[in-house]
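Chain by chain, the residues run as shown.
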Amino acid sequence: MAVNIYDTANQMEEELRETTEYKSLVAAYAEMKKDQKAYDLFKDFQEVQVNLQQKQMNGEELSDDEMAHAREIASQVGDVDVIKNLMDKERGLNQLLNDINQIITKPVQNLYHD
C-alpha cells in the first residue's frame, strides 16, 4: 500500500488550526493588532530580527549600533503586555510543533541509535 505523506501533512495542517495553542495565538495576535502602537512596534521587532538573522546566516558581523538597536527594541517589546502575551502564545505553539517534530523524526533518530 502506497503512503502519501503529503496527505498526512495536509491533514496535520488542518488539525493544527484547531488546536488550543493555535487558536490562542490567533486571538493574541488579533488583540495586539487593536493597539496600533503595539502592532507597529511588533512589526519593527520582527524586521530587526529578520535582518539580524540574515546577517548572521551570511557570516556578516553585527555592528554595535545594530546590536544596541536590537536590544532597545527588544526591551520596548518586553514592556508591552499585548506583545508579551502574543510571544507567550507563540512559545506554546512552538512547543507543540517541537513535540510533533520529535514524533515525526523518531524513525530517523532510531536509525542512528543502533
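Predicted, not measured: the structure shown is a model, and the values here were computed from it.

Calculation criteria
Residues numbered from 1 in each chain as written. Predicted model: local features only at pLDDT ≥ 70, side-chain atom pairs only at ≥ 80, totals over all residues. Heavy atoms only, no water. 1 Å grid on protein atoms, 1.4 Å probe; cavity = no way out; pocket = protein on both sides within 12 Å on 5 of 7 lines; lining within 4 Å. Points joined across faces, edges and corners; volume = space filled by probe spheres on them. Helix = DSSP H or I, 4+ residues; strand = E, 2+ residues; numbered from the N terminus. Nonpolar A, V, L, I, M, F, W, Y, C, P; charged D, E, K, R; others polar. Expected span 1.5 Å × (residues − 1). Buried < 20%, exposed > 50% of the residue type's maximum accessible area, 1.4 Å probe, protein only. Arc of directions from axis to C-beta. pLDDT = per-residue confidence, 0-100. Contact = heavy atoms within 4.5 Å.

Section: the layout of surface pockets
The volume enclosed by the largest pocket comes to roughly 160 Å³. Taken together, Met12, Glu15, Leu16, Thr19, Leu96, Leu97, Ile100, Asn101 and Ile104 make up the lining of the largest pocket. Contributing elements (two or more residues each) for the lining of the largest pocket: helix H1 (5-16) and helix H5 (81-104). Looking at the lining of the largest pocket, the element that brings in the most residues is H5, giving five residues. Class assignment for the residues of the lining of the largest pocket results in six nonpolar, two polar and one charged.

Overview of helix H4 (residues 64-77)
In this model H4 runs 20 Å from its N-terminal to its C-terminal C-alpha over 14 residues, within 8% of the 20 Å that 1.5 Å per residue would give. Restricting attention to buried positions, one finds in H4 the residues Ala70, Ile73 and Val77. Projected onto a plane normal to the axis of H4, the buried residues spread over an arc of 75° and lie on a single side. Among the exposed residues of H4, those oriented more than 90 degrees off its buried face are Asp64, Asp65 and Arg71.

Considering the confidence of the model for the chain
In the predicted model, the chain carries a mean pLDDT of 94, and 98% of its residues have values of at least 70. Across the chain, element-level confidence peaks in helix H2 (residues 20-33) with a mean pLDDT of 98 and bottoms out in H4 with 92.

Focus on H2
Its 14 residues give H2 an end-to-end C-alpha distance of 20 Å, which sits within 8% of 20 Å, the value for a rise of 1.5 Å per residue. All of the buried residues in H2 are Leu25, Ala28 and Met32. Down the axis of H2, the buried side of the element spans an arc of 65°, and every buried residue falls inside it. At its buried positions, H2 is contacted by helix H3 (36-57) and H5.

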